[in-house]
Amino acid sequence: MRTITLEEHFASPAFIEGPGRAAARPGLVESLLDVGDGRIEEMDAAGVDVQVLSLAAPGVEQMEAGESVAMARETNDYLAEAVRRHPQRLAGFAALPTPDPEAAARELDRTVGQLGFLGAVVNGHSRGRYLDDPFFDPILERAEALDAPLYLHPAAPPKAVVDASYGGFSPEVVFALSTSGWGWHIETAVHVLRLIVGGVFDRHPRLQILIGHMGEALPFMLPRFDLSMPPELTGIKRPISAYLRENVHYTFSGFNWTPNLLDLLLQVGVDRIMFSADHPYRSMAEAVAFLEGAPLSPADQERIAHGNAERLLRLEG
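What counts as what
Residues numbered from 1 in each chain as written. Predicted model: local features only at pLDDT ≥ 70, side-chain atom pairs only at ≥ 80, totals over all residues. Heavy atoms only, no water. Helix = DSSP H or I, 4+ residues; strand = E, 2+ residues; numbered from the N terminus. Contact = heavy atoms within 4.5 Å. Areas by Shrake-Rupley, 256 points an atom, 1.4 Å probe, with all protein chains shown as cover. Lys, Arg positive; Asp, Glu negative; His and termini not counted. Charge placed at Lys NZ, Arg CZ, Asp CG, Glu CD. Core = buried A, V, L, I, M, F, W, Y, C linked by side-chain atoms within 4.5 Å. Buried < 20%, exposed > 50% of the residue type's maximum accessible area, 1.4 Å probe, protein only. Phe/Tyr/Trp six-rings, centres within 6.5 Å; stacked < 30°, edge-to-face > 60°. Lys NZ or Arg CZ within 6 Å of the ring centre and 35° of its normal. Pairing = 2+ DSSP bridges. Axes fitted to C-alpha atoms, helices over the stretch in contact; angles between N-to-C directions. Nonpolar A, V, L, I, M, F, W, Y, C, P; charged D, E, K, R; others polar.

Undergrad: Please set out the overall build of the chain residue by residue, giving values where relevant.
TA: Counting its regular elements, the chain contains 16 helices and 8 strands. By its C-alpha atoms, the chain is 55 × 50 × 45 Å across when sized along the principal axes. Taking all contacts inside the chain whose residues are at least 6 apart in sequence as the whole, residues at least 24 apart take part in 77%. As displayed, the chain has an accessible area near 13,100 Å², and 56% of this comes from carbon and sulfur atoms. Here the chain carries 26 positive and 43 negative side-chain charges, and the mean point of each set is 4 Å from the other.

Undergrad: Residue-level account of the nonpolar core, with values.
TA: Counting residues in each nonpolar core, the largest one holds 81 residues, and the members touching the most others are Val192, Leu244 and Phe252. Ranked by residue count, the leading element in this core is helix H4 (residues 65-85), at 6 residues. Sequence-distant contacts of Val192, defined by excluding residues within four places in its chain, comprise Leu152, Ile209, Ile211, Leu218, Leu244 and Val248. Within the second largest apolar cluster, 15 residues are counted, among which are Val50, Phe93, Leu313 and Leu315.

Undergrad: Go over the packing of aromatic side chains with me, naming the residues and quoting the values.
TA: In this description, a pair of aromatic rings is defined by centroid distance and the angle of the planes. All chains considered together, the criterion is met by 7 aromatic pairs. On the numbers, 6.3 Å between centres and 10 degrees between planes, the contact of Phe10 with Tyr78 is stacked. With Phe10 in strand S1 (residues 4-10) and Tyr78 in helix H4, this residue pair connects regions lying 68 residues apart in the sequence. The ring of Phe135 is capped by Arg129, whose NZ or CZ atom sits 3.9 Å from the centre of that ring. Seen from the ring of Tyr243, Arg238 lies directly overhead, with NZ or CZ sitting 4.0 Å from the centre.

Undergrad: Residue-level account of the pairing of S1, with values.
TA: Burial analysis of S1 places 7 of its 7 residues in the buried class, the great majority of the element. Relative to strand S2 (residues 50-55), S1 is paired through 5 bridges, and the arrangement is parallel. Directly across from Ile4, in S2, lies its bridge partner Val50.

Undergrad: Run through the sheet that holds S2, naming residues and quoting values.
TA: Pairing within the open sheet is parallel, and its 8 strands lie in the order S1-S2-S3-S4-S5-S6-S7-S8. Both edges of this open sheet fall to S1 and strand S8 (273-274), since each of them pairs with a single strand only.

Undergrad: How would you explain unusual backbone geometry if you had to name every residue and give the values?
TA: Cis geometry marks the peptide bond from Ala57 to Pro58, where omega comes out at 10 degrees. With respect to the helices and strands, the residue Pro58 is situated in the loop between S2 and H4. Of note, the phi angle at Met214 is positive, near 60 degrees, even though the residue is not glycine. Along the chain, the position of Met214 falls in the loop between strand S6 (209-211) and helix H11 (218-228). A positive phi angle is found at Asp278, which is not glycine, with a value near 70 degrees. Within the secondary structure, Asp278 sits in the loop between S8 and helix H15 (284-293). Judged by relative accessible area, Asp278 falls into the buried class, the value being 10%.

Undergrad: Which residues make up the packing of H11 against helix H14 (residues 258-268), and what values go with them?
TA: Two elements in contact, H11 and H14, have axes whose closest approach is 8 Å; the angle formed by their N-to-C orientations is 40 degrees. Of the residues in H14, those in contact with Pro219, Phe220, Leu222 and Pro223 of H11 are Asp263, Leu264, Gln267 and Val268. When grouped by side-chain class, the residues that make up the contact of H11 with H14 number 6 nonpolar, 1 polar and 1 charged.

That is the geometry; function is a separate question.
The structure is reproduced here in structure tokens:
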């Protein structure tokens, strides 16, 4: 069974020396920097055929505009070279300098049109501004025109949110509660809801986004959204559930738990679900083992493992 993973991370040396310094932990940084034979060997050992790589968090979204433009271009060129060396095994999502939306739109054009990237990654808000802000319309317009999906990856909440909602504990607990323990996921879920309620998909109906971690808790709440926020209230054209089933795709990315998968299947359907491992933060081997043992029909397993990604990203089977 062919496997394609969609939330897999890398870093360039310049990124590690700059905004990615927090990721420079022994063992982890080496894996992020390895976009060559070592990564391919790990993929072979785990049973992963293709990784679609994206720049590790925090990405370039929190940088000054000019610095973000330069860093995005540098990391995209670094990734493009890795893909050229291993075109059957690696593919890319572009980093976008969201602090400068016009430059970000041009970089999306360049990376998709010239470098062959499959879409782009956006690491959450940009200094407290979310993609529903008209400021970012150039990015969304270009992504829709190119049929280039945007992978909305978690980011730490704005400092005011961290202080108000997650403060008052030890630094270690505050960090965990506001990031991987809860905050990352709810932050991303709120971002998706802002896109929907803000009318982004009414203005850009062909725009497609991807989110990880079995849907960032959104599928569990899906019926509640329609009950509490109907179109009569929000002013958007369809129920929130319709956008979550027609404009959003969902990946595993480290959530190797059967109850979460079953809820996702029941709420959005198998054609919207795709495989991921979250390498190097989570184990590729564990992700593959979970997929192989999941309570799925062979046909659905194939769709999740590779078929849905091939269709959305126009990858050759």
